[in-house]
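# Fold and contact review
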Amino acid sequence: MREFLDRSADTPLSEAQMSPAPFSIWRAIGVVLTTLLGFGFFNVLIGVFGLWAAIIALLLFIFSAVLIFRRQQTEGEQP
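Residues numbered from 1 in each chain as written. Predicted model: local features only at pLDDT ≥ 70, side-chain atom pairs only at ≥ 80, totals over all residues. Heavy atoms only, no water.

### Concerning the overall build of the protein
When helices and strands are counted, the protein shows 3 helices and 0 strands. Along its sequence from the N terminus, the protein presents helices and strands in the succession α-α-α. Expressed as a percentage of its 79 residues, the buried residues of the protein come to 4%. (Helix = DSSP H or I, 4+ residues; strand = E, 2+ residues; numbered from the N terminus. Buried < 20%, exposed > 50% of the residue type's maximum accessible area, 1.4 Å probe, protein only.)

Spelled out as structure tokens, the structure:
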């Protein structure tokens, strides 16, 4: 742990700092609307296909989102 704290400012870890985004009322409204849309879609899945199918679909969605997020990024290659 001490080695991590004693790093100099020119190490690659220092370049990956995120600046805080300013609060936006439109972003907050978008988050609330997206959450409500997802909640409604999940309830439609429960109503049409049943609880077990909705839970399996939700787990598959989360799993696929994680796979897409964690995939290897190729630098400089374009189709």
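What follows continues from the structure just given.
### So, a nonpolar patch on the surface
A cluster of nonpolar side chains, Phe23, Ile25, Trp26, Ile29, Val32, Leu33 and Leu36, forms an exposed patch at the surface whose accessible area comes to about 830 Å². Looking at where Leu33 falls in the secondary structure, it is placed in helix 2 (residues 25-49). Looking at Leu33, the relative accessible area reads 54%, which means it is exposed. (Patch = residues over 30% accessible without salt bridge, like charges linked within 9 Å, V, L, I, M, F, W, Y side chains within 5 Å. Areas by Shrake-Rupley, 256 points an atom, 1.4 Å probe, with all protein chains shown as cover. Salt bridge = Lys/Arg side-chain N within 4 Å of Asp/Glu carboxyl O.)

### Considerations on helix 2
With 25 residues, helix 2 should cover 36 Å at 1.5 Å per step; its first-to-last C-alpha distance of 36 Å lies within 8% of that length. The buried fraction of helix 2 amounts to 1 of the 25 residues, a small share that puts the element mostly on the outside. Residue Ser24 occupies the N-cap position of helix 2, its side-chain oxygen lying 3.3 Å from the main-chain nitrogen of Trp26. Downstream of helix 2 by one or two residues, Gly50 has phi in the positive range, about 100°. (Expected span 1.5 Å × (residues − 1). Polar contact = N/O pair within 3.5 Å; in protein donor to acceptor, adjacent residues only side chain to side chain.)

### Quick word on the layout of surface pockets
Its volume calculated, the largest pocket comes out at about 170 Å³. Residue assignment for the lining of the largest pocket shows that the elements contributing at least two residues are helix 2 and helix 3 (51-70). A per-element tally of the lining of the largest pocket places helix 2 first, with 4 residues. Its residues placed into classes, the lining of the largest pocket shows 6 nonpolar, 1 polar and no charged. (1 Å grid on protein atoms, 1.4 Å probe; cavity = no way out; pocket = protein on both sides within 12 Å on 5 of 7 lines; lining within 4 Å. Points joined across faces, edges and corners; volume = space filled by probe spheres on them. Nonpolar A, V, L, I, M, F, W, Y, C, P; charged D, E, K, R; others polar.)

### Here's the deal with the packing of helix 2 against helix 3
Helix packing for two helices is described by the angle between their axes and how far apart those axes are. Relative to each other, helix 2 and helix 3 sit at 140°, their axes nearing to 7 Å. As judged from the angle between their axes, helix 2 and helix 3 are oblique. Crossing geometry of helix 2 relative to helix 3 is assigned as right-handed. Of the residues in helix 3, those in contact with Phe42, Leu45, Ile46 and Phe49 of helix 2 are Leu51, Ala53, Ala54, Ile55, Ala57 and Leu58. (Axes fitted to C-alpha atoms, helices over the stretch in contact; angles between N-to-C directions. Parallel < 35°, antiparallel > 145°, perpendicular 65-115°, else oblique. Left-handed = near helix turned anticlockwise from the far one by under 90°. Contact = heavy atoms within 4.5 Å.)

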